[in-house]
Amino acid sequence: AKAQDAPELQLEWARKATEENPGDPRTFGHLADAYISVGAYSQADEALRACENVGGRLFAEGARARILRAQGRFTEARERFLAVAQ
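Residues numbered from 1 in each chain as written. Predicted model: local features only at pLDDT ≥ 70, side-chain atom pairs only at ≥ 80, totals over all residues. Heavy atoms only, no water.

A short note on the overall build of the chain
Helix and strand counts for the chain stand at 5 helices and 0 strands. If you list the helices and strands of the chain from N to C, you get α-α-α-α-α. Principal axes of the C-alpha set define a box for the chain whose edges measure 35 × 25 × 20 Å. For the chain, buried positions account for 34% of its 86 residues. Taking the intrachain contacts of the chain between residues at least 6 apart in sequence as the baseline, contacts between residues at least 24 apart amount to 30%. In the form shown here, the chain has an accessible surface area of approximately 5400 Å², with 50% of it arising from carbon and sulfur atoms. Of the charged side chains in the chain, 12 are positive and 13 negative; the average position of the first set lies 5 Å away from that of the second. (Helix = DSSP H or I, 4+ residues; strand = E, 2+ residues; numbered from the N terminus. Buried < 20%, exposed > 50% of the residue type's maximum accessible area, 1.4 Å probe, protein only. Contact = heavy atoms within 4.5 Å. Areas by Shrake-Rupley, 256 points an atom, 1.4 Å probe, with all protein chains shown as cover. Lys, Arg positive; Asp, Glu negative; His and termini not counted. Charge placed at Lys NZ, Arg CZ, Asp CG, Glu CD.)

Printed below as a string of structure tokens:
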């Protein structure tokens, strides 16, 4: 759905994935990615908290850097990306 530029479908499928497999951090990562794609950053952060809660801390931190970058907060985004990379 993302590759076909269908954000509504991407969100729908990602939501369903979290319902079907709530213990997999990737499902919440995909949901956060879908929210980031449409600029829904607060919803993305909620999904990232869920991602962290099931073991996806590194993905969540990287995605938060993407949110900062999308918001034009480049210095903060770079710092967060570098912190995650260590």
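What follows picks up the thread again.
Points about helix 2 (residues 25–37)
Taking 1.5 Å of rise per residue, the 13 residues of helix 2 would be expected to cover 18 Å, and the 18 Å separating its terminal C-alpha atoms lies within 8% of that figure. Restricting attention to buried positions, one finds in helix 2 the residues Thr-27, Phe-28, Gly-29, Leu-31, Ala-32, Asp-33, Ala-34, Tyr-35 and Ile-36. Buried residues belonging to helix 2 abut helix 1 (7–20), helix 3 (41–53) and helix 4 (57–70). Gly-39 sits one or two residues past helix 2 and shows a positive phi near 80°. (Expected span 1.5 Å × (residues − 1).)

Here we look at the packing of helix 4 against helix 5 (residues 74–85)
Where helix 4 contacts helix 5, the two axes come as close as 7 Å, and the packing angle between them is 165°. Comparing the axis directions of helix 4 and helix 5 gives the class roughly antiparallel. At the point where helix 4 passes helix 5, the crossing takes the left-handed sense. Each of Leu-58, Glu-61, Gly-62, Arg-64, Ala-65, Arg-66, Leu-68 and Arg-69 in helix 4 lies in contact with helix 5, whose residues at this interface are Phe-74, Glu-76, Ala-77, Arg-80, Phe-81 and Val-84. (Axes fitted to C-alpha atoms, helices over the stretch in contact; angles between N-to-C directions. Parallel < 35°, antiparallel > 145°, perpendicular 65-115°, else oblique. Left-handed = near helix turned anticlockwise from the far one by under 90°.)

Regarding helix 4
The terminal C-alpha atoms of helix 4, which comprises 14 residues, lie 20 Å apart, in line with the 20 Å expected from a rise of 1.5 Å per residue. Residues of helix 4 that are buried include every one of Ala-60, Glu-61, Gly-62, Ala-63, Arg-64, Ala-65, Ile-67 and Leu-68, and no others. The inward-facing, buried residues of helix 4 contact helix 2, helix 3 and helix 5. Downstream of helix 4 by one or two residues, Gly-72 has phi in the positive range, about 80°.

Geometric values such as these leave the question of function open.
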